[in-house]
Amino acid sequence: RAALERMASSPDMSLREAGDAIESDRGLVVDEWNRTDRAIDESATLDGLIVSQCDRTPDRVAAVGGEASMTDAELSRRSAALARELRRRGAEADSFVCVHVEKSLELLVSIVGVLRSGAAYVPLDPSLPSDRVRWMMSDSEARVVVTQRSLSGVWEGSGRDVVCVEESETRW
């Protein structure tokens, strides 16, 4: 973008000159802004890091999806409720939970909730044919699937526990 802006402001500038002109910016972006050398607890888990961040900044917007948004506190509360329900249904370390959710805030809640349950998640793309999705579920040997009400019909008769992510946390 910077190269194009420089070329637009100086029509006689060559592409090479524009690239050379932004090389000084490269150091700022790559070296200065990317300073991430901090001590990190090697035993920390991804869900643990997310929860810690949510605890530190509960009012911060965690994610935006279309017109909707979710704060860190909401993400933490909803994912914790989902994790409790998944554990109640048998999700644990060394087990798999399939996540069959459209790209949305619910997808974020689903992934974090599965990780908080101790299980690993198996992403199932809702755009795939239902036969393929059911085969992937079977192949993963997951006992539980997290989905949305609009997609729950795919799982009728599958013999798996189905959890709809939109369900009220008070139900769990």
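Residues numbered from 1 in each chain as written. Predicted model: local features only at pLDDT ≥ 70, side-chain atom pairs only at ≥ 80, totals over all residues. Heavy atoms only, no water.

## Let's talk about the nonpolar core
Thinking step 1. Core analysis: the biggest nonpolar cluster contains 19 residues, and Leu-75, Leu-82, Leu-86, Val-97, Val-109, Val-114 and Val-146 have the highest contact counts within it.
Thinking step 2. When residues of this core are traced back to their parent elements, those giving at least two are helix H4 (72–88), strand S3 (96–100), helix H5 (105–117) and strand S5 (144–147).
Thinking step 3. At four residues, the largest contribution of residues to this core is made by H5.
Thinking step 4. Beyond its immediate sequence surroundings of up to four residues, Leu-86 is in contact with Ala-91, Val-97, Gly-113, Val-114, Ser-117, Val-144, Val-146 and Val-163. (Core = buried A, V, L, I, M, F, W, Y, C linked by side-chain atoms within 4.5 Å. Buried < 20%, exposed > 50% of the residue type's maximum accessible area, 1.4 Å probe, protein only. Helix = DSSP H or I, 4+ residues; strand = E, 2+ residues; numbered from the N terminus. Contact = heavy atoms within 4.5 Å.)

## Here we look at the sheet that holds S5
Thinking step 1. Here we have four strands laid out as an open sheet, ordered S4-S3-S5-S6, and parallel in their pairing. Among the strands making up the open sheet, the edge pair consists of strand S4 (120–123) and strand S6 (161–164). The sheet shows a mean angle of 30° between the axes of neighbouring strands, direction not considered.
Thinking step 2. Alignment of S5 against S6, held across four bridges, turns out to be parallel. Counted as the bridge partner of Thr-147 is Cys-164 from S6. (Pairing = 2+ DSSP bridges. Axes fitted to C-alpha atoms, helices over the stretch in contact; angles between N-to-C directions.)

## Considerations on the pairing of S5
Thinking step 1. Both faces of S5 are covered, namely the face carrying Val-144 and Val-146 and the face carrying Val-145 and Thr-147.
Thinking step 2. Strand direction decides the pairing type here: S3 and S5, joined by four bridges, are parallel. Among the inter-strand pairings, Val-99 is bridged to a residue of S5, identified as Val-146.

## What to know about the packing of H4 against H5
Thinking step 1. Remark: H4 packs on H5, axes separated minimally by 7 Å, with the N-to-C direction vectors making an angle of 55°. Judged on the interaxial angle alone, H5 and H4 are oblique. Judged by the sense of rotation from one axis to the other, the crossing of H4 with H5 is right-handed. Packed against H4, whose contacting residues are Leu-75, Ser-76, Arg-78, Ser-79, Ala-80, Leu-82, Ala-83, Leu-86 and Arg-87, the element H5 presents Glu-106, Leu-108, Val-109, Ser-110, Val-112, Gly-113, Val-114, Arg-116 and Ser-117 at the interface.
Thinking step 2. Its residues assigned to classes, the contact of H4 with H5 comprises nine nonpolar, five polar and four charged. (Parallel < 35°, antiparallel > 145°, perpendicular 65-115°, else oblique. Left-handed = near helix turned anticlockwise from the far one by under 90°. Nonpolar A, V, L, I, M, F, W, Y, C, P; charged D, E, K, R; others polar.)

## Points about the pattern of salt bridges
Thinking step 1. Taken as a whole, this structure holds five salt bridges when the rule is applied.
Thinking step 2. Two residues, Glu-106 and Arg-78, come together in a salt bridge whose shortest N-O distance is 3.9 Å. In this pair, Glu-106 sits in helix H5 while Arg-78 sits in helix H4, placing the two residues 28 residues apart along the sequence.
Thinking step 3. Residue Arg-78 is classed as buried on the basis of its relative accessible area of 15%.
Thinking step 4. Shared partners join several salt bridges into a network, and the residues in it are Glu-85, Arg-88 and Arg-89. (Salt bridge = Lys/Arg side-chain N within 4 Å of Asp/Glu carboxyl O.)

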